[in-house]
Amino acid sequence: MSQYLEPDIETASRATLQALQERKLREQIHHAYDASPFYRRKFDEAGVTAGAFQRLDDLRTLPFTTKDELKQDQADHPLWGTLLAVPFEQCLRVHMTSATTGRPLAFLDTAEDWQGFYHSYARSLHAFGVRGSDMVMAAFSYGPWIGYWSGFYAAQDLGCLVFPAGGLSTDQRIDALRTYPITVLGCTPSYALFLAEQAAKKGINLAKETRVRITWHTGEPGASIPATRERIETAFGAKAYDLPGLTEIAAWGFECEARSGITHVHEDYCYPEVLDEADRPVGPGERGELVFTSLYRKAMPLVRYRTRDVVQLADRACPCGRTFVGFEGGVLARLDDMKKIRGIIVYPRRIEELVRGHSGVDEFQIVFRRVEGLDEILVRVDPSPGLGADERSGLQRTVAESLRIGLGIRAGVELTAPGELPRWDHKARRVKDERTEVPF
């Protein structure tokens, strides 16, 4: 069977892709201006019209959209804001963005919008090697978060037998993985590690006692971090893949079976820009903020949406032969998570890369704090059970040294009693900012 779900688009020439994007962008921008009060107001205030867009380069003349704007719009005009560009009666689905503080953003989709979202997701799963003969468990929470629903529908779109697990407890999921011929598991990366840990406490080795051959992970950046990915693959005896996405845009990216380190972008569903601090396009090999314009969603179209994600534009082709734009290593950081410690820019993801690389680390927590007027980083490490006193001391020294070298700044390392740190199913709760007392 082909490695491509849709070879005509996945291997299309750059000229073909750009012509498709230009047509879809023109339609989408006209639709946003004509049907969305939010965008009519934004465009008018910026002194531009939908007719100003004719070529891809013209997109740069249009204003950006931010998540804060959308939240404020929904607060000022409950429940859906003024972004909605179709009659409410045409909407089929409502999903919420994840939020650690404040009200989450609500997003509506028409039937066609929803089909586009889960079909792009299905293309990602196919690129991982998922096929119709697989039995799939989507072990995300059952609720308004789009992760569970899109994974479930995507697997169904591929013809897979889907095992519904949204409302099951961890113990029930472990039992199902051992009982049924489930070959593909989807969940957040932190939950995958938690699932394996809980199984191990019961004497269960998921790598040997299940049939799982592929795991995919979304909602957090962990699966794109080599050390975290390796731990997941060891725990399940399977290949782990990262699937980045945004409720507001799409399941926009995917790795492939080539496992080359490149994350491909579904360019027929969302148009990517990677911009530097001055909002200029970066070149191959350079990093910048990822900005997306939706090419398919009609209920709530987004134009030049600032994701706050940092990516690096690939300067090489992937061996798989796909011609989509690619990013090295997926999402590398979030601008919202950036911290400046004594003049050094620090990202939680970078700390996780360094800490997860040590085999003696069972769990960890990053604490940004202020001591005697100076900003500091403290990493609390829960060591693996069974480590002796000398091994614990050695772990503390080696983690501290790797942080010093990798971050360019000294960080405190504190060892906890094994099992003391709680396990979370969300990356934000692994990071505490005691300087503001507000976790991000």
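In case you missed it, the structure is sitting above this.
Along each chain, residue indices are assigned from 1 in the same order as the chain's sequence is written. pLDDT decides what is reported in this predicted model: residues at 70 or higher carry local features, side-chain atom pairs at 80 or more are listed and counted, and totals for whole chains, interfaces and linings draw on all residues regardless. Computation of side-chain values: all heavy atoms of the structure, hydrogens and water removed.

### Details of the environment of P144
Here is step 1: Strands are runs of DSSP state E lasting at least 2 residues, helices are runs of H or I lasting at least 4, and numbering of each runs from the N terminus. Along the chain, P144 turns up in the loop between strand 3 (135-138) and helix 6 (146-157).
Here is step 2: Should any heavy atoms of two residues lie within 4.5 Å, those residues are counted as being in contact. If sequence neighbours within four positions are ignored, P144 has contacts with V94, H95 and M96.

### Section: the sheet that holds strand 7 (residues 239-242)
Here is step 1: Think of it this way: DSSP has to see at least two bridges between two strands before they count as a pair. Taken in spatial order, the five strands make up an open sheet running 4-3-5-6-7, and their pairing is parallel. Two strands in the sheet have a free side with no partner beyond their single neighbour: strand 4 (161-164) and strand 7. Along the sheet, successive strands turn relative to each other by an average axial angle of 20°, direction set aside.
Here is step 2: In this description, a line fitted to the C-alpha atoms serves as the axis of each element, helices being fitted only across the stretch in contact, and the angle between N-to-C directions of two axes falls anywhere from 0 to 180 degrees. Each of strand 5 (184-187), strand 6 (214-217) and strand 7 touches helix 10 (residues 226-236); the most contacted strand, strand 7, lies at about 140° to it.

### Describing the packing of aromatic side chains
Here is step 1: Side-chain rings of Phe, Tyr and Trp, where Trp is taken by its six-membered ring, are said to pair if the distance between their centres is within 6.5 Å; with planes under 30 degrees apart they count as stacked, over 60 as edge-to-face, and otherwise as tilted. Using the criterion set out here, one finds 23 aromatic pairs in the structure.
Here is step 2: Look at W114 and Y118: their rings are 5.7 Å apart centre to centre, the planes differ by 70°, and that puts the pair in the edge-to-face class. In this pair, W114 and Y118 are both assigned in helix 5 (residues 111-128), four residues apart and thus about one turn of the helix distant.
Here is step 3: For the pair F140 and W216, a centre-to-centre distance of 6.3 Å together with 50° between the ring planes defines the contact as tilted. Taken as a pair, F140 in the loop between strand 3 and helix 6 and W216 in strand 6 lie far apart in primary sequence, 76 residues in all.

### Structural notes on the sheet that holds strand 9 (residues 262-265)
Here is step 1: Taking strand neighbours across the sheet as the criterion, the three strands line up as 8-9-13 in an open arrangement whose pairing is antiparallel. The sheet terminates laterally at strand 8 (253-254) and strand 13 (326-328), the two strands that pair on one side only.
Here is step 2: Of the strand pairs in this sheet, strand 8 and strand 9 are connected by two bridges, and their pairing is antiparallel. Along strand 9, the bridge assignment pairs F254 with H264.

### Focus on the packing of helix 7 (residues 170-179) against helix 8 (residues 189-201)
Here is step 1: The interhelical angle for the contact between helix 7 and helix 8, taken along N-to-C directions, is 80°, at an axis separation of 10 Å. Taken together, helix 7 and helix 8 sit at an angle that is classed as roughly perpendicular. Contacts from T170, R173, I174 and L177 in helix 7 reach Y191, F194, L195, Q198 and A199 in helix 8.
Here is step 2: Each residue is assigned to one of three groups, with Ala, Val, Leu, Ile, Met, Phe, Trp, Tyr, Cys and Pro labelled nonpolar, Asp, Glu, Lys and Arg labelled charged, and all others, Gly among them, labelled polar. Among the residues forming the contact of helix 7 with helix 8, the class breakdown is six nonpolar, two polar and one charged. Geometric relationships in this document are graded by angle, where less than 35 degrees denotes roughly parallel, more than 145 denotes roughly antiparallel, 65 to 115 denotes roughly perpendicular, and other angles denote oblique.

### Observations regarding the environment of A46
Here is step 1: With respect to the secondary-structure elements, A46 resides in helix 3 (residues 37-46).
Here is step 2: Partly exposed residues are those whose accessible area sits between 20% and 50% of the maximum for their type, while under 20% is buried and over 50% is exposed, using a 1.4 Å probe and protein chains only. Note on A46: relative accessible area 42%, which makes it partly exposed.
Here is step 3: Counting along the chain gives 16 residues from A46 to L62, while the straight-line C-alpha distance between them is 7.7 Å.

### Here we look at the nonpolar core
Here is step 1: Only buried residues count toward a nonpolar core, which is a set of Ala, Val, Leu, Ile, Met, Phe, Trp, Tyr and Cys residues joined through side-chain atoms within 4.5 Å. With 82 residues, the main nonpolar core has Y121, L125, F128, V130, W216 and W252 as its most contacted residues.
Here is step 2: The leading source of residues in this core is helix 5, at eight residues.
Here is step 3: Among the nonpolar cores identified, the runner-up in size contains 25 residues, and A196, I204, A235 and A238 belong to it.

### Quick look at the pattern of salt bridges
Here is step 1: Salt bridges are identified by distance alone: a Lys or Arg side-chain nitrogen within 4 Å of an Asp or Glu carboxyl oxygen. According to the stated counting rule, one finds 31 salt bridges in the structure shown.
Here is step 2: With a closest N to O distance of 3.9 Å, R55 and D57 form a salt bridge.
Here is step 3: With a relative accessible area of 48%, R55 lands in the partly exposed category.
Here is step 4: For D57, a relative accessible area of 43% corresponds to the partly exposed category.
Here is step 5: Salt-bridge contacts for E363 lead to R356; the nearest nitrogen and oxygen are separated by 3.4 Å. The pair formed by E363 and R356 is uniform in burial state, with each residue classed as buried.
Here is step 6: Taken together, the salt bridges that share partners define one network made up of D279, E289, R306 and R308.

### Comments concerning helix 12 (residues 389-407)
Here is step 1: If you check helix 12, its first and last C-alpha atoms are 27 Å apart, about what 19 residues at 1.5 Å a residue would give, namely 27 Å.
Here is step 2: Turning to helix 12, its buried residues are G394, L395, V399, S402, L403 and L407. An end-on view of helix 12 places all buried positions within 165° of arc, on one side of the element. Exposed residues pointing more than 90 degrees away from the buried face of helix 12 are listed as A389, D390, R397 and I405.
Here is step 3: Where the residues of helix 12 are buried, they touch strand 16 (344-346), helix 11 (348-356), strand 17 (361-371), strand 18 (374-383) and strand 19 (412-415).
Here is step 4: Two residues or fewer past helix 12, G408 is found with a positive phi of approximately 80°. What a helix is expected to span follows from its residue count: subtract one and scale by 1.5 Å. Working note: the arc is built from the helix axis to C-beta atom directions.

### Considerations on unusual backbone geometry
Here is step 1: Between P78 and the following residue, L79, the backbone shows a cis peptide bond with an omega angle of 5°.
Here is step 2: Of note, the phi angle at D279 is positive, near 65°, even though the residue is not glycine.
Here is step 3: Residue D279 is classed as partly exposed on the basis of its relative accessible area, which comes to 31%.
Here is step 4: A positive phi is found at R308, a non-glycine position, where the angle reads about 70°.

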